[in-house]
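So the chains spell out like this:
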There are 2 protein chains.
Amino acid sequence: MPELSERKKQILANVVEMYIKSGEPVGSKGLISSSGMNCSSATVRNEMNELDQMGYLVQPHTSAGRIPSEKGYRYYVDNLMPRRDVDEFTKRMIDAGIAPAAGDPEKLVNRARELLADITKCAAVSTAPVGEMNVIRKIELVPVGMHTAMMVLLTSNGILKSRLCRIDSDFNVTILEQFYNIVESFFIGKPSGEISPAEIQTIAASVESNYFVMLPLLAAVSDLSGSTNDSRLILGGGANLLSRKDYGDKAIPLLEFLNKKEPLSEVIRSSKDDLSIRIGSENLFKQLEDSSVVVSKYSVKGDNSGSISVIGPTRMDYESVISSMRYLSDLLGHLITSALEE
Amino acid sequence: MPELSERKKQILANVVEMYIKSGEPVGSKGLISSSGMNCSSATVRNEMNELDQMGYLVQPHTSAGRIPSEKGYRYYVDNLMPRRDVDEFTKRMIDAGIAPAAGDPEKLVNRARELLADITKCAAVSTAPVGEMNVIRKIELVPVGMHTAMMVLLTSNGILKSRLCRIDSDFNVTILEQFYNIVESFFIGKPSGEISPAEIQTIAASVESNYFVMLPLLAAVSDLSGSTNDSRLILGGGANLLSRKDYGDKAIPLLEFLNKKEPLSEVIRSSKDDLSIRIGSENLFKQLEDSSVVVSKYSVKGDNSGSISVIGPTRMDYESVISSMRYLSDLLGHLITSALEE
DNA sequence: AATTGGCACTCAGCTTGCTTGAGTGCTAAA
DNA sequence: TTTAGCACTCAAGCAAGCTGAGTGCCAATT
């Protein structure tokens, strides 16, 4: 990454910011007047030309102004973007918006996602808190029919999962007792997600008499506890993308893409850092080539566990999106933590 | 509703069907050729003119063909539309699509909604089964923190609801025991939704010592059991409306409207019959003036309890939508019933 | 009395050409 | 190295013209 001269940096930053604000390509003259640089438009023109050749800017047509390329956005985000705190207004909006959900982890996550979509006017995605430090609190098996029962599993981060299971023989007290004994001695207090099929086999084998009845139940426990939380991945504010003129009719296939759970999950989960920004084709899916994805993780009890994300046009207002997300994911982590500890 | 001559009926039916297929206004000549009527275009023209004046057809512009008015659609749906069974292909699609969800009521409903959206290329809404005959099966209270607990309620139709509650004193065995006693003697087996605040008061008063601890817990039970199932109302396939050229940019405000739970719930719930069709401005919300809403109820254990709906442009293919919905809601009702009884 | 062929008329949507103006690159002077 | 000046480009907006599907009406036909 070659160093740019101070002036080039200044120009690039201005182009990016003006383009983000207006959506119109930025010309040399307009840039001068609204950035207060003290040099002439011709000078800016020369510099822009070089930035163009270096790949930071592009021209939509020969006689139009410049817009940032992906490389331009990337350089801006990495080196030029101011790292301010959330503005007061947004902060209040978040504080006020999330307050009514305090105390309930699930509601908090949902509320956070809705707020994020509203604030950024982009699509927002949330994943529920599922840390590795997470422990199984309770397992219940409630008969629903003769051969079916609802299994309910509660983890220490306050997340409830359920699933219907079916067995071949009738339910009776003995089976239930046996099941609860096993649960008590093998599962309660165990980190969720650490139950291997092999273990299940071993445990099931220990009940000679009811092996074939118990096996599906135990498999269900394993399944439920380890279930990739795809089902806890929720997209909101998709409609916001439609009002963004950036995507013309490309908004429709994009929305269709985002509505599929699996690829979306892949997109979100492929982020490693606490805060990751992927711009345009840095996203591996070609459906996202005109979009940027910002993922911010939040921690519950000091354990990195869930995330909130924003998906919008590459032209999104990175600075405000990121500052909002930083604040919101911090707050969310704290609120969930205290909901569980209190 | 004045009777129309046989020929007028035939013409109206053809206009509606052709317009539904093509989306283009139907002219006299085109109608002749693709409907095989044995009269001249001039005759059709005269008839169309009358239908126009009677209010069944309208002309978008002076020199265009005719399209059905709302009155025209209504007459078609009530009197002219063939009532065929689902076509073989759709039927297979439904059978194959719903099979993997068999056994789990919640999954069945979700799958049905997704299928419906896919088949009709419209938005689809599902509500979970919540009949009046519905009974509380089990209530669990799982402590999550010092002052918080997760309450889980399971009803006889296999639907699970949960909610976090918080109390002022610490949880202890006595409180839990007392709570479960109350649950056992007052709530289990009771029709959900029939627990009045007054009753809660009475019951809470019966535990002199722990009145203030028990009250919020009991209130939570009442709340959970009676909770309007707004939260069980889910919209899917909203993106389908965008690809429908019928709504130009009106699709965006429409989607925004549909994404609000309350009005959508109102729209669905205002249907009384087993199958209700509301066309255009027959819907009370003006956001739906260009849309039709078809609601079909399904029964679980003979008790009319949930519904699936389709929302799409007034130009939707009523015949195929309705036949699909009839088949699907029947199937859904049966599958849920057998999942619970088996 | 109902049906039909013929004809003049309408008008949305497309095509075409013109104009405008923001913006560029280049050159020559400061 | 910067700047003023100038010729050039091209998207977007507008007006005029053309096209063709479709109509309404009338007079002739069955």
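Residues numbered from 1 in each chain as written. Chains lettered and ligands numbered in written order. Predicted model: local features only at pLDDT ≥ 70, side-chain atom pairs only at ≥ 80, totals over all residues. Heavy atoms only, no water.

1. Examining the overall build of chain A
This is how it is decided: Note on conventions: DSSP H or I runs of at least 4 residues are helices, E runs of at least 2 residues are strands, and numbering of each starts at the N terminus. We compute the radius of gyration over the C-alpha atoms and compare it with the globule rule, which gives 2.2 Å times the number of residues raised to the power 0.38. Contacts are residue-level and defined by heavy atoms, with any inter-residue pair within 4.5 Å sufficient. Here, Shrake-Rupley sampling with a 1.4 Å probe gives the accessible areas, and only protein chains in the shown set may cover a residue. His is not counted, nor are the chain ends, whereas Lys and Arg count as positive and Asp and Glu as negative. Lys charges are placed at NZ, Arg charges at CZ, Asp charges at CG and Glu charges at CD.
Tallying secondary structure elements over chain A gives 13 helices and 10 strands in all. Against the 2.2 N^0.38 benchmark of 20 Å for 342 residues, chain A shows a C-alpha radius of gyration of 26 Å, more extended than a compact globule. Expressed as lengths along the three principal axes of its C-alpha atoms, the size of chain A is roughly 90 × 40 × 35 Å. Partitioning the intrachain contacts of chain A with sequence separation of at least 6 by distance along the chain shows that 61% fall at a separation of at least 24. Of the roughly 15,600 Å² that chain A leaves accessible, carbon and sulfur atoms contribute 50%. Put simply, chain A has 37 plus and 44 minus side-chain charges, and the middle of one group is 6 Å from the middle of the other.

2. Here's the deal with the interface of chain B and chain A
Using the following cut-off: Summed over both partners, the accessible area (1.4 Å probe) lost when two parts come together is defined as the buried area. Criterion for a salt bridge: a side-chain nitrogen of Lys or Arg within 4 Å of a carboxyl oxygen of Asp or Glu. The definition of a polar contact used here is a pair of N or O atoms within 3.5 Å, where within protein one atom must be able to donate a hydrogen and the other to accept one, and adjacent residues in sequence count solely through side-chain atom pairs. For this classification, Asp, Glu, Lys and Arg are treated as charged, while Ala, Val, Leu, Ile, Met, Phe, Trp, Tyr, Cys and Pro are nonpolar and the rest, including Gly, are polar.
Contacts between the two partners involve 32 residues from chain B and, on the opposite side, 32 residues from chain A. Around 2,700 Å² of area is buried between chain B and chain A when both sides are counted, 62% of it from carbon and sulfur atoms. The closest approach of N and O atoms between A:K138 and B:E140, which form a salt bridge, is 3.8 Å. Where chain B meets chain A, there are zero residue pairs in polar contact (both at pLDDT 80 or more). Elements that contribute at least two residues to the side of chain B that touches chain A include exactly β4 (136-143), β5 (148-155), β6 (160-166), α10 (238-243), α11 (251-258) and α13 (318-341) of chain B. The dominant element in the side of chain B that touches chain A, judged by the number of residues it contributes, is β4(B), at five residues. Taken together, the residues of the side of chain B that touches chain A sort by class into 16 nonpolar, eight polar and eight charged.

3. Brief notes about the relation of the copies chain B and chain A
Using the following cut-off: We superpose the copies by least squares over the C-alpha atoms of residues that have a pLDDT of at least 70 in both of them.
Rotating chain B by 179 degrees and moving it 0.0 Å along the rotation axis overlays it on chain A with an RMSD of 0.2 Å. Seen this way, the second copy is the image of the first under a two-fold rotation axis. When you check the interface residues of chain B against chain A, 100% turn up at the interface there too, and the contact is symmetric in its surfaces.

4. A word on the protein's contact with DNA strand C
Stated precisely, the cut-off is as follows: Proximity is defined per residue: if any heavy atom of the residue lies within 4 Å of a molecule or strand, that residue is considered near it.
Close to DNA strand C lie 21 residues; A:S28, B:R7, B:S40, B:T43 and B:S63 are nearest. Looking at DNA strand C alone, sugar and phosphate atoms form 80% of those within 4 Å of the protein. Take B:T43: an N or O atom from its side chain is 2.5 Å from a phosphate oxygen of DNA strand C. For the surface near DNA strand C, the secondary structure elements donating two or more residues are α3 (41-54) of chain A together with α3 (41-54) of chain B. Each residue belonging to the surface near DNA strand C can be placed in one class, and the counts come to four nonpolar, 13 polar and four charged.

5. Looking at the sheet that holds strand β4 (residues 136-143) of chain A
Picture the strands of a sheet paired through backbone hydrogen bonds; they go either parallel or antiparallel. Residues and elements named next belong to chain A. Basically, it comes down to this: A strand pair is defined by DSSP finding two or more bridges across the two strands. Fitted lines through C-alpha atoms serve as axes, helices being fitted only where they are in contact, and the angles separating the N-to-C directions of these axes extend from 0 to 180 degrees.
As summarised here, the arrangement of the three strands in space is β4-β5-β6, forming an open sheet in which the pairing is antiparallel. If you trace the sheet from one side to the other, it starts and ends with β4 and β6 (160-166), each paired once. Each strand axis lies, on average, 20 degrees off the axis of its neighbour in the sheet, ignoring direction. Sheet topology places β4 next to strand β5 (residues 148-155); seven bridges connect them, and they run antiparallel. Directly across from E140, in β5, lies its bridge partner V152.

6. Quick word on the pattern of salt bridges
Applicable threshold: Remark: exposure states derive from per-residue accessible area (1.4 Å probe, protein chains only) relative to the maximum for the residue type, with buried under 20%, exposed over 50%, and partly exposed in between.
Within the structure shown, the criterion is met by 33 salt bridges over all chains. Ionic pairing is found between A:D52 and A:R66, a salt bridge with its closest N-O pair at 2.8 Å. With A:D52 in helix α3 and A:R66 in the loop between β1 (57-58) and β2 (67-68), this pair connects stretches of sequence that are 14 residues apart. Its relative accessible area of 11% is what places A:R66 among the buried residues. Between B:E319 and B:R84 there is a salt bridge, with the nearest N and O atoms lying 2.7 Å from each other. One end of the pair, B:E319, is in helix α13; the other, B:R84, is in the loop between α4 (70-80) and α5 (88-98), and 235 residues separate them in sequence. Exposure remark for B:E319: the relative accessible area of 15% places this residue in the buried category. For B:R84, a relative accessible area of 52% puts it in the exposed group. Each of A:R7, A:K8, A:E47 and A:E50 takes part in salt bridges that share partners, so that together they form one network.

7. Points about the nonpolar core
Our working definition: We define the nonpolar core as a collection of buried residues of types Ala, Val, Leu, Ile, Met, Phe, Trp, Tyr and Cys that are connected through side-chain atoms lying within 4.5 Å of one another.
Grouped together as the largest cluster of nonpolar side chains are 121 residues, with contacts concentrated most on A:L12, A:Y318, B:L12 and B:Y318. What B:Y318 contacts, discounting residues up to four positions off in sequence, is B:I20, B:Y73, B:V77, B:M81, B:I277, B:I279 and B:S292. Of all hydrophobic cores here, the second largest spans 38 residues; its members include A:Y247, A:V267, B:L242 and B:L254.

8. What about the domain arrangement of chain A?
For clarity, the threshold we go by: Boundaries of every domain are those given by an automatic assignment or by a domain database.
Taken domain by domain, chain A holds domain 1 (6-80), domain 2 (88-130 + 232-341) and domain 3 (134-216). Here domain 1 of chain A and domain 3 of chain A have C-alpha centroids that lie 61 Å from each other.

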